[in-house]
Amino acid sequence: EMCIRDSLSYALKYIFAGSMGGDDKRLAQLLLLSCSGHSGSTNIQLKMTQTELAKLTGFSRQKVSHILKSFQNKNLIKLGYGMINVLDKEKMGSYL
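Residues numbered from 1 in each chain as written. Predicted model: local features only at pLDDT ≥ 70, side-chain atom pairs only at ≥ 80, totals over all residues. Heavy atoms only, no water.

A. Just unusual backbone geometry, in detail. Positive phi values are uncommon outside glycine, yet Asn43 reaches one of about 50°. Along the polypeptide, Asn43 turns up in strand β1 (residues 42-46). Here Asn43 falls in the exposed class, since its relative accessible area comes to 52%. (Helix = DSSP H or I, 4+ residues; strand = E, 2+ residues; numbered from the N terminus. Buried < 20%, exposed > 50% of the residue type's maximum accessible area, 1.4 Å probe, protein only.)

In structure tokens form, the structure reads like this:
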């Protein structure tokens, strides 16, 4: 189960990824932050659109779409209409 310490760790990693990592790592970290309120570590449904992710990251919607499709091809997520299913938080975290 996610605790405040884990959420803070993810937040700090997100900030760091924004300055030192690539765009894909920044988006992966944001997805992990979004998972922090959910129990369990597999099949977490996030109700958010690619447009919302673009606004949160400052990326274009096209860039977000491209990165998300890359994550889906790596079996990190599954995309659906208005939602993103994070298949395994730990696997997503190891991507960072």
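What follows picks up the thread again.
B. The arrangement of the environment of Cys35 in detail. Along the chain, the position of Cys35 falls in helix α2 (residues 23-35). Residue class for Cys35 comes out buried when judged on its relative accessible area of 0%. Spatially, the C-alpha atom of Cys35 lies 9.9 Å from that of Asn85, the residues being 50 residues apart in sequence.

C. Molecular detail of the environment of Ile84. Relative to the helices and strands, Ile84 is located in strand β3 (residues 83-88). As for Ile84 and Ile44, which are separated by 40 residues in sequence, their C-alpha atoms are 8.1 Å apart. Not counting residues within four places of it along the chain, the set of residues in contact with Ile84 comprises Leu31, Ile44, Gln45, Leu46, Met48, Leu53, Leu68, Ile77, Lys78 and Leu79. (Contact = heavy atoms within 4.5 Å.)

D. Structural context of the sheet that holds β3. Strand order in the open sheet formed by three strands is β1-β3-β2, with antiparallel pairing between adjacent strands. Bordering the open sheet on either side are β1 and β2 (77-80), each of which pairs with just one other strand. Taken pair by pair, the neighbouring strands of this sheet meet at an average axis angle of 20°, ignoring direction. Relative to β3, β2 runs antiparallel, the two being bridged by four bridges. Its bridge partner being in β3, Leu79 is matched across the sheet by Ile84. Helix-sheet contacts for α2 involve β1, β2 and β3, and the interaxial angle to β1 is about 90°. (Pairing = 2+ DSSP bridges. Axes fitted to C-alpha atoms, helices over the stretch in contact; angles between N-to-C directions.)

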